[in-house]
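# Examination of the molecular architecture
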Amino acid sequence: MRVSELNFYPLKSGRGITLAEAEIGPEGIPGDRRMMVTDPSGHFITQRELQALAQLQVTPGDGGFRFAIDGKGEIEVKQPPTDRRLDVAVWKSIVSAAVADDAVNETLSGWLGRDIRLVFFDDQSTRTASAEWAGPDTPVTFADGYQVLITTTGSLAALNADMEKHDEGSIGMERFRPNIVLDHDEPFEEDNWEGVEISGIRFDFVKPCARCIMTTQDQQTGSREAPSPMAAMGRIRMSADRRVPGPLFGWNAVPRSTGRIKLGDAATVTAERDAWAIKRRA
């Protein structure tokens, strides 16, 4: 079993960037989801309610970031000063974030057709993952809840096989926005794993990832007029554990050490456990 993809997402709900290798820090891949858009009150906004975010490409550069949307242009964005701040909400977390300048927010609002604020997770921002699942004091940025999302190729193949069996088309792994993809043939074996070790770094699998309407959206256009995995996940991946209801795909993982990983690195299972309960098909 080897690493077949590495991805990070500078802007929460923006397009991903593929990597050949990546540092792994306590918060996951450095730079992952350290920017986010919110409404003027500070409530976070994702593709769930603003599909056009899928069209927004954010590329790190020297001293800043390039923001671009096809057909609308591009702008250079600098990280704002620390004294320009807003308390922002990510689910149940309240985070003090730095706010981009008015000109940037005005441009992005025009592109996205909604009054938004671009915010940054900077050195004054703090947030931790749920201690119930991840243990105490595990730092996380603007991700939905955890540091790293891991999926496997065999699980995607099984999901696509079910979709094709029901004439629903097929999808790519980008729909699930993982950080690490493992090339592994057996579908959903990850439900039995306590975690994996890659290049000496242990990733504990702490919580399965419940999936939402974002998986139905084309990750280049934001369109929902595309093959959807929701029906297939409903048939073969519905959680039977009330602690995490809904369709599941992939695992949220916490890195327990730091280092560097790259494409092709071997991944080994650290230990096995009883599989997460999945409802049987009718």
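Note that the structure is predicted; figures quoted are calculated from it, not measured. (Residues numbered from 1 in each chain as written. Predicted model: local features only at pLDDT ≥ 70, side-chain atom pairs only at ≥ 80, totals over all residues. Heavy atoms only, no water.)

### So, the overall build of the chain
Filter applied, for reference: Strands are runs of DSSP state E lasting at least two residues, helices are runs of H or I lasting at least four, and both sets are numbered from the N terminus onward. Here the globule rule is a power law, 2.2 Å times the number of residues to the power 0.38, and the radius of gyration is based on C-alpha atoms. Using a 1.4 Å probe on the protein chains alone, a residue whose accessible area is under 20% of its type maximum counts as buried, one over 50% counts as exposed, and one in between counts as partly exposed. Only heavy atoms enter the contact rule, under which two residues are in contact if any of them lie within 4.5 Å. Here the accessible surface of atoms and residues is derived via Shrake-Rupley with a 1.4 Å probe, and residues count as covered only by protein chains that are part of the display. Residues scored as charged are limited to Lys and Arg (positive) and Asp and Glu (negative), so that His and the chain ends carry no count. For charged residues, the charge sits on one atom: NZ in Lys, CZ in Arg, CG in Asp, CD in Glu.
Along the backbone of the chain there are 4 helices and 18 strands. Relative to the compact-globule value of 19 Å for 282 residues, the chain shows a C-alpha radius of gyration of 19 Å, a close match. With respect to the principal axes defined by its C-alpha atoms, the chain has extents near 50 × 40 × 35 Å. Every one of the 282 residues in the chain was classed for burial, and the buried ones make up 51%. Taking as baseline every contact in the chain between residues at least 6 positions apart, the subset at least 24 positions apart corresponds to 70%. As displayed, the chain has an accessible area near 12,600 Å², and 48% of this comes from carbon and sulfur atoms. Across the chain, the centroid of the 33 positively charged side chains sits 4 Å from that of the 42 negatively charged ones.

### A short note on unusual backbone geometry
Both trends apply: most residues other than glycine have a negative phi, and most peptide bonds are in trans. One non-glycine residue with positive phi stands out, namely arginine 33, at about 55°. Note that arginine 33 resides in the loop between β3 (21-24) and β4 (35-38). Even without being glycine, serine 199 reaches a positive phi, approximately 50°. Examined against the element boundaries, serine 199 turns out to sit in the loop between β14 (193-198) and β15 (201-210). According to the relative accessible area criterion, serine 199 is partly exposed, its value standing at 41%.

### Some words on the environment of glutamine 47
The criterion, for reference: Each polar contact in these results corresponds to two N or O atoms within 3.5 Å; when the atoms are within protein, one needs to be able to donate a hydrogen and the other to accept it, and residues that are neighboring in sequence are counted only if both atoms are side-chain atoms.
Its place among the elements puts glutamine 47 in the loop between β5 (44-45) and β6 (57-61). Residue glutamine 47 is classed as buried on the basis of its relative accessible area of 0%. Of note is the side chain of glutamine 47, whose polar atom sits 2.8 Å from the side chain of glutamine 217.

### A word on helix α3 (residues 153-165)
Inclusion rule: Here the expected length of a helix is defined as 1.5 Å per residue gap, with one fewer gap than residues.
Helix length check: α3, at 13 residues, gives a terminal C-alpha distance of 18 Å against a target of 18 Å (1.5 Å per residue), a fit within 8%. Residues of α3 that are buried: Gly154, Ser155, Leu156, Leu159, Asn160, Asp162 and Met163. Looking at the packing, one finds that the buried side of α3 touches β12 (148-152), α4 (230-236) and β16 (248-255).

### Let's talk about the sheet that holds strand β10 (residues 93-99)
This is how it is decided: A pair of strands counts as paired when DSSP detects no fewer than two bridges linking them.
In spatial order, the strands read β5-β4-β11-β10-β9; together these 5 strands make up an open sheet with antiparallel pairing. Strand pairing shows two members of the sheet lacking a second neighbour, β5 and β9 (85-90), which therefore form its edges. In the sheet, β4 pairs with β5 via 2 bridges, with the strands oriented antiparallel. The residue bridging valine 37 from the neighbouring strand is isoleucine 45, located in β5.

### Things to note about the nonpolar core
The condition is simple: Residue types Ala, Val, Leu, Ile, Met, Phe, Trp, Tyr and Cys, when buried and joined through side-chain atoms within 4.5 Å, form a set referred to as a nonpolar core.
The biggest cluster of nonpolar side chains holds 32 residues, and the ones touching the most others in it are Ile150, Ile180, Leu182, Val196, Ile198 and Phe203. Taken together, the elements giving at least two residues each to this core come down to β1 (2-8), β3, α2 (131-134), β12, β13 (180-183), β14, β15 and β16. Contact partners of valine 196, with chain neighbours within four places excluded, come to Met1, Ile150, Leu182, Ile201, Arg202, Phe203, Phe205, Thr268, Val269 and Thr270. Of all hydrophobic cores here, the second largest spans 22 residues; its members include Ile45, Leu108, Ile116 and Phe120.

### With respect to the packing of aromatic side chains
Applied cut-off: Only Phe, Tyr and Trp rings are paired, with Trp represented by its six-membered ring, and only when their centres lie within 6.5 Å; those with planes under 30 degrees apart are stacked, over 60 edge-to-face, the remainder tilted.
As enumerated under the stated definition, the model contains 9 aromatic pairs in all. Plain terms: the ring middles of tryptophan 193 and phenylalanine 205 are 6.2 Å apart, the flat faces sit at 45° to each other, and that makes the pair tilted. Linking tryptophan 193 in strand β14 with phenylalanine 205 in strand β15, this pair joins segments that are 12 residues apart in sequence. For the pair shown, tryptophan 193 and phenylalanine 205 are each scored as buried. Here phenylalanine 205 and tryptophan 251 contribute two aromatic rings whose centre-to-centre distance is 6.1 Å and whose plane-to-plane angle is 15°, an arrangement assigned as stacked.

### A closer look at the side chain of aspartate 204
On the secondary structure map, aspartate 204 appears in strand β15. Owing to a relative accessible area of 15%, aspartate 204 belongs among the buried residues under this scheme. Sequence-distant contacts of aspartate 204, defined by excluding residues within four places in its chain, comprise Glu194, Gly195, Asn252, Ala253, Val254 and Arg256.

### A short note on the sheet that holds strand β7 (residues 64-69)
Put simply, the test is: Interaxial angles span 0 to 180 degrees and are taken between N-to-C directions of axes, which are lines fitted to C-alpha atoms, for helices over the stretch in contact.
The antiparallel open sheet is built from 3 strands, whose spatial order is β6-β7-β8. In this open sheet, the two edge strands, each paired with only one partner strand, are β6 and β8 (73-77). The mean inter-strand angle of the sheet, taken between neighbouring strand axes irrespective of direction, is 20°. Along the sheet face, helix α1 (residues 102-112) touches β7 and β8 and points at about 150° away from the line of β8.

### Structural notes on α1
Note the threshold: This arc describes the spread of directions from the helix axis toward the C-beta atoms.
Taken residue by residue, α1 has Val104, Asn105, Leu108, Ser109, Trp111 and Leu112 as its buried positions. Along the long axis of α1, the arc covered by the buried residues comes to 160°, so they all point the same way. Residues of α1 that are exposed and angled more than 90 degrees away from the buried face: Asp102, Ala103, Glu106 and Gly110. For α1, the N-terminal capping position is held by aspartate 101, with its side-chain oxygen 3.1 Å away from the main-chain nitrogen of alanine 103. Positive backbone phi, at 70°, marks glycine 113, one or two positions downstream of α1.

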